[in-house]
Amino acid sequence: QVQLVESGGGLVQAGGSLRLSCAASGRTFGWYGMGWFRQAPAKERELVAALPWGGVGTLYADSVKGRFTISRDNAKNTVYLQMDSLKPEDTAVYYCAAKAWGTPRTATDVDYWGQGTQVTVSS
């Protein structure tokens, strides 16, 4: 019942920055925990960061702590992922994710996915 539309991906040099946005449809945005996942070729889709709806704390993968920041604006029905100090290993398709009444911790538990946006970091 929710649609997620992502934007902001692109090609950037190592050390650069990108800001991803995910706009959710409807007025039930606040009912969902939101997160960002990524999937590189031949690899599993993995959690990057999440904002639990229940306020249990912000989650980050160890590989992005200190470099990525997730935030949300409920008034705009939008979640963001600010990515700084990008590394070539960050190259992947990034997906916005939503889980009703919970935190999207694993790909199998996600209720809604965005279409994905490509992030490519050149060395």
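Attention in this report is confined to the structure presented alongside it. (Residues numbered from 1 in each chain as written. Predicted model: local features only at pLDDT ≥ 70, side-chain atom pairs only at ≥ 80, totals over all residues. Heavy atoms only, no water.)

Focus: the overall build of the protein
As a reminder of what qualifies: Only DSSP runs of H or I covering at least 4 residues are called helices, and only runs of E covering at least 2 are called strands; the numbering of each starts at the N terminus. Only the C-alpha atoms count toward the radius of gyration. The rule for a globule is 2.2 Å times the residue count to the power 0.38. Exposed residues in this analysis have more than 50% of their type's maximum accessible area, buried residues have under 20%, and partly exposed residues fall in between, with area computed by a 1.4 Å probe over protein chains only. Two residues form a contact once any of their heavy atoms are found within 4.5 Å. The Shrake-Rupley method, run with a 1.4 Å probe, gives the accessible areas here. Residue values count only the displayed protein chains as cover.
Secondary structure summary: the protein contains 0 helices and 11 strands in total. Going from N to C terminus, the protein has its helices and strands arranged as β-β-β-β-β-β-β-β-β-β-β. Expected size for 123 residues packed as a compact globule is a radius of gyration near 14 Å; at 13 Å, the protein falls within 12% of this value. Structurally, the protein occupies a C-alpha span of about 40 × 25 × 25 Å along its principal axes. Sorting the 123 residues of the protein into buried and exposed places 43% on the buried side. A fraction of 60% describes how many contacts in the protein between residues 6 or more apart in sequence connect residues 24 or more apart. For the protein, the exposed surface amounts to about 6,300 Å²; the carbon and sulfur share of it is 48%.

Details of unusual backbone geometry
Positive phi outside glycine occurs at Ala-42, with the angle close to 65 degrees. Checked against the element boundaries, Ala-42 lands in the loop between β4 (32-39) and β5 (46-51). A positive phi angle is found at Trp-101, which is not glycine, with a value near 55 degrees. Tracing the sequence through the fold places Trp-101 in the loop between β9 (92-100) and β10 (112-113).

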